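# Survey of secondary and tertiary structure
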Amino acid sequence: MASAETERGTPFSLDSYYVSEELGFVLPDPLENLPSYYQPWMDVGLRVPELVDSHDLRSHINKMPLLSTKFLQNHRELRLAHLVLSMATMGYVWQEGENDTVEMLPRNLAVPYWEVSQRLGLPSILTHADAVLANWRKKDPEGPLDMENLELLVRLPGGDSAKGFFLVTLLVELAAVPALRSIPAVINGVRCGDTETVTKALENIGRSIQDMNDALKLMHVYVDPSVFYGIMRIFLSGWKDNSCMPKGLVYEGVQTEPIGFSGGSAAQSSLLHCFDELLGVKHEEKSRAFLTRMRSYMPPAHRKLIQDISLQPSLRGFVQQQANEDLSKAFDDCVSKLLALRSYHINVVSRFITVPAARARQLRTNSHDSEGEMVSRAPASLEERGTGGSGIMTFLKTVRDKTKDVLLHETSKTTVHENCHQCGNK
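Going along each chain's sequence as written, the residues are numbered from 1 onward. Reporting in this predicted model follows two pLDDT cut-offs: at least 70 for local features of residues, and 80 or more for side-chain atom pairs to be given and counted; totals over whole chains, interfaces and linings ignore these cut-offs and use all residues. As a rule here, side-chain values come from all non-hydrogen atoms in the structure, and water together with hydrogens is ignored.

### Topic: the packing of aromatic side chains
Think of it this way: a Phe, Tyr or Trp ring, Trp meaning its six-membered ring, pairs with another when their centres are within 6.5 Å, and the plane angle makes it stacked under 30 degrees, edge-to-face over 60, tilted otherwise. Under the counting rule described, the total for this entry stands at 11 aromatic pairs. Here phenylalanine 290 and phenylalanine 395 contribute two aromatic rings whose centre-to-centre distance is 5.0 Å and whose plane-to-plane angle is 75°, an arrangement assigned as edge-to-face. In this pair, phenylalanine 290 is assigned in helix H13 (residues 285-295) and phenylalanine 395 in helix H17 (residues 392-404), connecting sequence segments 105 residues apart. Both residues of the pair, phenylalanine 290 and phenylalanine 395, belong to the buried class. Through a chain of ring-to-ring contacts, the aromatic side chains of Tyr37, Tyr38, Trp41 and Phe71 assemble into a single cluster. Taking the ring centre of tyrosine 92 as reference, the NZ or CZ of arginine 58 above it sits at 5.8 Å. Looking at lysine 217, its charged tip hangs above the ring of tyrosine 344, at a distance of 5.8 Å from the centre. Helix and strand definitions here come from DSSP, where helices need a minimum of 4 consecutive H or I residues and strands a minimum of 2 consecutive E residues; each element is numbered from the N-terminal end. Burial classes: relative accessible area under 20% of the type maximum marks a residue as buried, over 50% as exposed, and values in between as partly exposed (1.4 Å probe, protein chains only). Lysine and arginine charges are scored as sitting over a ring when NZ or CZ, respectively, is within 6 Å of the ring centre and within 35 degrees of the ring normal.

### Comments concerning the packing of helix H12 (residues 270-279) against helix H14 (residues 300-310)
Here an axis means a line fitted to C-alpha atoms, over the contact stretch when the element is a helix, while the angle between two N-to-C directions is reported on a 0 to 180 degree scale. Direction vectors running N to C along H12 and H14 enclose 10°, while the axes themselves pass 8 Å from each other. Relative to H14, the element H12 lies roughly parallel. Only His302, Leu305, Ile306, Ile309 and Ser310 of H14 make contact with H12, whose side of the interface consists of Ser270, His273, Cys274, Glu277 and Leu278. Each residue is assigned to one class: nonpolar for Ala, Val, Leu, Ile, Met, Phe, Trp, Tyr, Cys and Pro, charged for Asp, Glu, Lys and Arg, and polar for all the others, Gly among them. When its residues are assigned to classes, the contact of H12 with H14 shows five nonpolar, four polar and one charged. Note on terminology: angles under 35 degrees are roughly parallel, angles over 145 are roughly antiparallel, angles of 65 to 115 are roughly perpendicular, and the others are oblique. In what follows, a contact means two residues having at least one pair of non-hydrogen atoms within 4.5 Å.

### With respect to the environment of leucine 167
With respect to the secondary-structure elements, leucine 167 resides in helix H7 (residues 159-175). Counting along the chain gives 31 residues from leucine 167 to tryptophan 136, while the straight-line C-alpha distance between them is 7.8 Å. Apart from residues no more than four positions distant in its own chain, leucine 167 is found in contact with Met147, Leu150, Glu151 and Leu152.

### Brief notes about the nonpolar core
As used here, the term nonpolar core means buried Ala, Val, Leu, Ile, Met, Phe, Trp, Tyr and Cys residues forming a set that is joined through side-chain atoms within 4.5 Å. Judged by nonpolar contacts, the single largest core of 135 residues is most densely connected at Trp41, Leu202, Ile205, Trp239, Tyr251 and Leu315. Residues within four places of leucine 202 in sequence aside, it is in contact with Val186, Leu279, Leu315, Leu327, Ala330, Phe331 and Cys334.

### Describing the pattern of salt bridges
Note on definitions: salt bridges are taken to be side-chain nitrogens of Lys or Arg within 4 Å of carboxyl oxygens of Asp or Glu. Scanning all chains against the criterion turns up 17 salt bridges. Glutamate 50 serves as the salt-bridge partner of arginine 47, at 3.1 Å between the closest nitrogen and oxygen. Since its relative accessible area comes to 31%, arginine 47 is described here as partly exposed. Residue class for glutamate 50 comes out partly exposed when judged on its relative accessible area of 45%. Taking the shortest distance from any N to any O, the salt bridge between aspartate 401 and lysine 404 comes out at 3.8 Å. Within this pair, aspartate 401 and its partner lysine 404 are both found in helix H17, separated by three residues, close to a single helical turn. A relative accessible area of 31% places aspartate 401 in the partly exposed class.

### Quick notes on unusual backbone geometry
Phi at tyrosine 18 takes a positive value of approximately 55°, unusual for a residue other than glycine. Judged by its relative accessible area of 64%, tyrosine 18 is exposed. The backbone phi angle of histidine 55 is positive, close to 60°, even though this residue is not glycine. Locating histidine 55 in the fold gives a position in the loop between helix H2 (48-53) and helix H3 (57-62). On the basis of relative accessibility, which here comes to 47%, the residue histidine 55 falls in the partly exposed class.

### Quick notes on the side chain of threonine 169
Its place among the elements puts threonine 169 in helix H7. Judged by its relative accessible area of 18%, threonine 169 falls in the buried class.

What follows is the structure in structure tokens.
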């Protein structure tokens with residue numbers, strides 16, 4: 001695979017990083033079925049919500065045959081297998097909520113899951129690469145990539161809100177495609193001192209990040225915060241930094257010691273990592289450690305792209321050196337759009353996690369009959385943390401504030417601060 005440490009005469013390109021020209025990091029044309037040998041996996045994976053609801057998923061999985069992974073021939077088969085086994089695993093672990101977790105994943109699920117994960121270079125837990133990037137199909141193959149024409153391949157409990165959550169996240173990924181395509185133009189323009197090319201590419205990236213923000217706003221249309229917090233969220237949780245499973249999970253037949261993996265997180269999307277490395281955002285040590293750990297939950301080629309962008313000449317340094325008004329404005333506009341996206345994400349997290357968590361605490365404190373309150377079903381252990389294990393609000397605000405530091409002009413910083421204040425994100 002090509003690397004950033006190539007000869008400087010070779011233009012930087014996305015060709016070797018499994019980035020689709022049309023879909024970016026999203027897996028093109030995911031398979032909907034595995035070879036018939038793997039039908040027992042599909043039978044369980046496609047029924048996770050109903051089997052969790054009837055409390056039968058664990059018994060179904062315990063009866064599955066132990067299947068060899070040797071008949072999985074290509075990348076798309078492996079990705080579908082990982083997605084199906086991931087969904088089955090999350091359902092198995094969390095079927096009874098936080099009070100009746102398991103300590104061991106049975107061999108007939110754990111062994112093939114581990115083998116598929118090793119072949120893909122992914123951990124044996126549900127990741128963003130599974131639930132979002134490889135979990136979609138078009139209802140009408142000739143139709144558009146929009147909410148009306150998209151469907152999930154495999155679902156978690158949560159009904160239409162679960163579908164909406166993953167598909168809106170997919171649309172955010174798709175909105176970023178023009179920005180991804182513009183990254184090589186920025187890097188190559190900096191290398192050869194082409195101010196005009198870098199300016200135009202940064203303008204494209206800024207527009208694309210704005211489109212990501214607009215796509216993210218659909219969360220409020222398609223996802224019910226009570227359903228997300230009360231039903232879905234536990235199924236996105238991992239067994240690292242989680243008091244429900246302090247020891248982690250034993251993968252039977254793989255190793256005897258428990259293993260800790262983090263749950264799904266927006267930080268597992270490669271997009272913002274790419275933008276941070278390109279724009280020169282330097283996160284503080286604790287945030288950086290978490291973000292770096294989340295890279296191990298990405299497909300290896302995407303992880304490599306982030307690393308290779310980080311090895312390029314400094315874009316911010318180039319912009320400062322050129323002292324070109326249009327270039328400086330394009331750079332600051334791009335950073336401002338990224339800041340706005342991060343501020344809006346804080347608002348989304350507040351609505352979908354912080355507010356329901358406060359409601360759940362209030363119900364417990366007042367000992368209300370909360371049977372009808374969906375938020376009361378959520379695990380208490382996740383109230384202050386993200387499913388990836390981070391202290392979520394502190395983390396998000398710190399990451400946003402470090403993004404602000406790369407703005408070139410004080411007037412930009414003042415404007416951004418005022419906008420954040422108006423959003424209520426001090």
